[in-house]
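Each chain, letter by letter, is given below.
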Amino acid sequence: MTKVTASLRRASRPLPPDSPAALHAPLFQDLLAGLDTTGRYVILDLGAASTAMLALLGRSRCRVEIADLAHFGGIDHLNTAAPGPALADAAESLLPNRLPDDAIDLVFCWDLPNYLTLDALSALMGAIGRRVRPGALAHALIFYAGRDMKQHPGRFVPTADGQLIDLSAPGAMIAAPRYSPEDLGRSMGGFLIDRARLLGNGMQEFLLRLGS
């Protein structure tokens, strides 16, 4: 049994009764369905490594880069950097090395954009934009309906059927920036909104595509 197969079987087990409610995220599910078994994909995950996520991606030929901005001070590093070259350098330092012959196809942002200033988000996505292929996709979850969000980013993990659960620990709440589509359009480093869906928990799910 391969490691990916073993991980997939573990990810397919029913969730414990006290687990957070699963979130139906149709654009996320469409992304997974679009990863065919004959192609090869390079994926950048801005969140933490997840066995369940790697198992689902392992159904296709993928190389996954894990940035984990929430757990290694990346968010504060970006938000506190001085605008200009210092902020650009901060963004570059948080990402894997640029590989011209192995450009990124897909970026999972999760809810991390909500925790960045628009300047920091613009610098980060600009640095990512220099590492991706033309037409690359980015997926993001934006707090939209609710005024508050957790003090720290969530840890979103897929279930076997492609829904999402947030396994982050409970904590204090802070005001959500509630970025508008116009804010994102100006701050996603050339990624343009392709589709958007309002989810059952009040978040807005975005699929963005790198423009020409």
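In this report, the structure presented in the accompanying data block is examined. (Residues numbered from 1 in each chain as written. Predicted model: local features only at pLDDT ≥ 70, side-chain atom pairs only at ≥ 80, totals over all residues. Heavy atoms only, no water.)

### Observations concerning the sheet that holds strand E1 (residues 40-45)
Formally: Any two strands are treated as partners once DSSP identifies two or more bridges connecting them. By the criteria applied, helices consist of DSSP H or I runs no shorter than four residues and strands consist of E runs no shorter than two, each listed in order from the N terminus. Helix axes use the C-alpha atoms of the stretch in contact, all axes being lines fitted to C-alpha atoms, and the angles between their N-to-C directions lie in the range 0 to 180 degrees. Note on contacts: a residue pair qualifies if any of its non-hydrogen atoms lie within 4.5 Å across the two residues.
An order of E2-E1-E3-E4-E10-E9 is seen for the 6 strands of this open sheet, with the pairing classed as mixed. Strand pairing shows two members of the sheet lacking a second neighbour, strand E2 (61-66) and strand E9 (191-198), which therefore form its edges. Averaged over all adjacent pairs, the angle separating strand axes in this sheet is 20°, with direction ignored. Along the sheet, helix H2 (residues 26-34) makes contact with E1, strand E3 (104-110), strand E4 (132-143), E9 and strand E10 (203-210), crossing E10 at roughly 40°.

### Observations regarding unusual backbone geometry
Our working rule: Exposure classes here rest on a 1.4 Å probe applied to the protein chains alone. A residue is buried below 20% of its type maximum, exposed above 50%, and partly exposed in between.
Phi at Asp68 is positive, roughly 50°, even though this residue is not glycine. Tracing the sequence through the fold places Asp68 in the loop between E2 and helix H4 (74-80). You will see that Arg178, though not glycine, has its phi angle at about 55°, which is positive. Judged by its relative accessible area of 32%, Arg178 falls in the partly exposed class.

### Section: helix H5 (residues 85-93)
The condition is simple: The arc under discussion is defined with respect to the helix axis, by the directions toward the C-beta atoms.
When H5 is considered as a whole, its buried residues turn out to be Leu87, Ala90 and Ala91. Taken around the axis of H5, the buried residues stretch over an arc of 95°, which confines them to a single face. More than 90 degrees from the buried face of H5, the exposed residues found are Pro85 and Asp89. Looking at the buried positions of H5, the neighbouring elements they touch are H4 and helix H6 (118-129).

Taken by themselves, the reported measurements are silent on function.
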